[in-house]
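Given next are the chains, with one letter for each unit.
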Amino acid sequence: MQTELKKSITWVQGTALTIGAVLGAGILVLPAIAAQLAGPASLVSWIAMGLLSIPMVVAISAMSSRYPDSGGLAAYVRRAFGDRAGEMTGLLILSAMPFGMPLTALVGAHYLGTVFAWGSGAIHLAATALILTAILLNYRGIELSGKSQVLVVSVILFILFFVIIAATPTVNSKNFTPFAPSGWLPVGETMMLLFFAFIGWEMVGHLAEEFRNPKVDLPLSLGISLVIVATKYVAISFVMVGNGLYRDTTASGAMLGLISRSLGDSAATTVALLGFLICYCPVHTFIAGFSRLVYAQARTGEFPSRFAQLHPSFQTPHRALLSFIPIFCGILGLSYLFQWDLNTLIGFPSAVFLLVYTAGMFAAFQILSTRFGRSCAFVSALASLILFLFAGIYILYPLIVVFLVWLRQKRKMHRKHLINYLS
């Protein structure tokens, strides 16, 4: 049975997978929401968040290229703080999976449902199809998965580039005054909101073992992704503000108005397609990352050993991928039956990842040898911790998970001590 992941990811595929993990559906609504909160000064918020992402990307790049491990941030925490901390971090990451993936798929399906007048049942079926497609492509191998992500991300970037170019000539300088109509405090408040538009860099760490040349390709993938993502966010925000489209309309209506100036009557269909594709990308990459994390946890004995076995032909953690199907379908079924509020539930995985980022970046600070790398890790850890403390009631979810894992570890230790004593 194959026990090593296939090394087939190039820097091009790595870049597409990373962009897909970070560039979420927020690009369709957050530029307008940010402008409504801070006015034209929201551009400062976008630029500042792009700059603040640099130390986090540097730290993740240094750790992933130096220690390519499919455990990702959990592996780094294990290396810095021991097995129990690594196990806790890995299970904490996985606790975000049941909520994050189905909800992201539902957001994408809602874009199509709005245009084609689908009911709740059809929307949930479309979300299920999106998730099953991502699982199937990842099941068949990371090379096919990476190539498909290159295609999807290329389409997304082309549409966004076309919209930006078409909307630039109608930018009016008058729409930039007053620049900060509500003062500068909303700029900082907006940055807190925009942090979630820059989450996802850590997922490439779970794929580090599968890069052909991780020491070169990983930093290249992360660096190029950061430039592209930050540039797209700022450019969309610039044309949104410059056209004054965020005033007197909803956030989604502002993006629809922006695309309407470029594509006319086909704008609504384009927004629906764009939203669906953008939501597919993080589902695709995160499912790949989660499956590698299960595989890594199984290698260290925290999950059953069968999850550490790879597909004999595709060299993928196929059993982990197949185990996701009933979890995701079950959550989607419950969502359909009880009509869950997506905006409420999305706070759970967000709080989880903020705590995971905090632990992972403190681990990087502990491990990295260069002063620059350690400084980047510390800044990222501190920023993540501060934002985690502002997560409100959602803080309870990851803390409950940590407590339950701690209880599980205590029981395992007591059982081990009892066996040793009796023997």
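For the structure itself, look to the data block above.
Predicted model only: the values in this text are computed from it and were never measured. (Residues numbered from 1 in each chain as written. Predicted model: local features only at pLDDT ≥ 70, side-chain atom pairs only at ≥ 80, totals over all residues. Heavy atoms only, no water.)

Quantified by volume, the largest pocket comes out at close to 1400 Å³. Taken together, 39 residues line the largest pocket, and the ones lying closest to its centre are Gly26, Leu30, Phe196, Ile346 and Ser350. If one sorts the elements of the lining of the largest pocket by residue count, helix H5 (residues 83–116) sits on top with eight residues. Counted by class, the lining of the largest pocket contains 30 nonpolar, eight polar and one charged residues. (1 Å grid on protein atoms, 1.4 Å probe; cavity = no way out; pocket = protein on both sides within 12 Å on 5 of 7 lines; lining within 4 Å. Points joined across faces, edges and corners; volume = space filled by probe spheres on them. Helix = DSSP H or I, 4+ residues; strand = E, 2+ residues; numbered from the N terminus. Nonpolar A, V, L, I, M, F, W, Y, C, P; charged D, E, K, R; others polar.)

For the rest of this paragraph, the subject is the state of the cysteines. The final tally for this structure, using the stated rule, is zero disulfides. In this model Cys279 remains outside any disulfide bridge; the closest cysteine sulfur is found in Cys281, 9.3 Å from its own. Taking relative accessible area as the criterion, Cys281 reaches 1% and is therefore assigned buried. (Disulfide = S-S within 2.5 Å. Buried < 20%, exposed > 50% of the residue type's maximum accessible area, 1.4 Å probe, protein only.)

Its location among the elements puts Ser380 in helix H16 (residues 371–389). Among the polar contacts listed, one links the side chain of Ser380 to the backbone nitrogen of Met56, at a separation of 3.0 Å. For Ser380, the residues in contact, after removing those within four places along its chain, are Pro55, Met56 and Met361. (Polar contact = N/O pair within 3.5 Å; in protein donor to acceptor, adjacent residues only side chain to side chain. Contact = heavy atoms within 4.5 Å.)

A grouping of Ile393, Leu396, Ile400, Phe403, Leu404 and Trp406 is seen on the molecular surface, where their side chains present a nonpolar patch of about 630 Å² in accessible area. Mapped onto the fold, Leu404 is located in helix H17 (residues 396–422). (Patch = residues over 30% accessible without salt bridge, like charges linked within 9 Å, V, L, I, M, F, W, Y side chains within 5 Å. Areas by Shrake-Rupley, 256 points an atom, 1.4 Å probe, with all protein chains shown as cover. Salt bridge = Lys/Arg side-chain N within 4 Å of Asp/Glu carboxyl O.)

Turning to the pattern of salt bridges, a few remarks are in order. Taken as a whole and judged by the stated rule, the model has nine salt bridges. Through salt bridges with shared partners, a single network forms among Lys6, Glu143 and Lys147.

In a soluble, globular protein the nonpolar side chains are often hidden away together inside. In terms of nonpolar packing, the biggest core is built from 142 residues, with Leu23, Ile156, Trp201, Ile287, Phe290 and Phe324 touching the most fellow members. At 18 residues, helix H12 (residues 267–299) tops the list of elements feeding residues into this core. Setting aside chain neighbours within four positions, we find Trp201 in contact with Thr18, Val22, Ser53, Met56, Val57, Ile60, Leu222, Ser225, Leu226, Val229 and Tyr357. (Core = buried A, V, L, I, M, F, W, Y, C linked by side-chain atoms within 4.5 Å.)

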